[in-house]
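A look at the structure
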Amino acid sequence: IAIDGRIAAAEALGEIGDVRAVGPLIDAHSAAEEGLQAAAAGALGALGSAGALDPLNSALLEGNSSVRSAAAEALGEFGQLGVDALITALKEGDQHVRRAAADALGGLGTPALKPLISALQDPNSAVRRAAVKALGELGGRRVFNPLVDALKDSDWKVRREAVRALGKLGDKRAVDHLMAALEDRS
């Protein structure tokens, strides 16, 4: 079967969710084809089997950007088990991996809070935007001030994401900030 068919098979196995696929997906994840590696990483995350953690943690540290990004996204499916690796990836040199790690940390609660706030200083605006979105997903009182600060970001897409996140918080303290954003023409 051609590589596209193998990639589709890996994705389908992740969608079905049968843990018997962990071994074959780990083997596929070790393959030389980068597309297959990334698809297998995503499928391993979808399965959520503890046996997939080590290969995903390894993939996060090795390989090309697309494979490491797929591993970061997959580790987000493991909840607290993936937090440490994702926090490490958030400090990684590759912007695509940092963005994927920020996205994945959004649903992982309090341990992700400080690393995501730190990511608001990232030099890459896509990473900052992912961090703002993830902070909005975390919610709670502790994300309010960092989201207000994100309204001053130099990138309009980061500011737009901050507006959305503040709106989702439902905190009345955001009204004045959102009215000011309504007038912002930059």
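Treat the numbers as computed from the prediction; the structure is a model and nothing was measured. (Residues numbered from 1 in each chain as written. Predicted model: local features only at pLDDT ≥ 70, side-chain atom pairs only at ≥ 80, totals over all residues. Heavy atoms only, no water.)

1. Thoughts on the overall build of the protein
Of regular secondary structure, the protein possesses 12 helices and 0 strands. When the helices and strands of the protein are placed in sequence order, the string is α-α-α-α-α-α-α-α-α-α-α-α. For the protein, long-range pairs separated by at least 24 residues make up 58% of all intrachain contacts whose partners lie at least 6 apart in sequence. As presented, the protein carries roughly 9500 Å² of accessible surface, and 51% of it is formed by carbon and sulfur atoms. (Helix = DSSP H or I, 4+ residues; strand = E, 2+ residues; numbered from the N terminus. Contact = heavy atoms within 4.5 Å. Areas by Shrake-Rupley, 256 points an atom, 1.4 Å probe, with all protein chains shown as cover.)

2. Things to note about the pattern of salt bridges
Across all of its chains, the model carries 7 salt bridges by this definition. Of the charged contacts in the structure, one is a salt bridge between R128 and D153, with a shortest N-O distance of 2.7 Å. Taken together, the positions of R128 in helix α9 (residues 125-138) and D153 in the loop between α10 (144-150) and α11 (156-169) put the pair 25 residues apart, joining distant regions of the chain. (Salt bridge = Lys/Arg side-chain N within 4 Å of Asp/Glu carboxyl O.)

3. Looking at the confidence of the model for the protein
With 98% of its residues at a pLDDT of 70 or more, the protein has an overall mean of 86. Across the protein, the secondary-structure element scoring lowest on mean pLDDT is helix α2 (residues 22-29), at 78, and the one scoring highest is α10, at 96. (pLDDT = per-residue confidence, 0-100.)

4. Quick notes on the nonpolar core
In this structure, L56 and L116 are the most contacted members of the largest nonpolar core, which totals 61 residues. Examining the composition of this core, we find that 8 residues originate from one element, helix α3 (residues 34-47), more than from any other. With sequence-adjacent residues up to four places away left out, L116 is seen in contact with L90, A102, L105, A131, A134, L135 and L138. (Core = buried A, V, L, I, M, F, W, Y, C linked by side-chain atoms within 4.5 Å. Buried < 20%, exposed > 50% of the residue type's maximum accessible area, 1.4 Å probe, protein only.)

5. Brief notes about α9
Between its first and last C-alpha, α9 extends 20 Å over 14 residues, near the 20 Å set by a 1.5 Å rise per residue. Turning to α9, its buried residues number three or more, namely V127, R128, A130, A131, V132, A134, L135 and G136. In the core, the buried residues of α9 are packed alongside α7 (95-105), α8 (113-119), α10 and α11. Where α9 starts, the residue carrying a side-chain oxygen 2.9 Å from the main-chain nitrogen of A126 turns out to be N124. Positive phi shows up at G139, right after α9, with a value of about 65°. (Expected span 1.5 Å × (residues − 1). Polar contact = N/O pair within 3.5 Å; in protein donor to acceptor, adjacent residues only side chain to side chain.)

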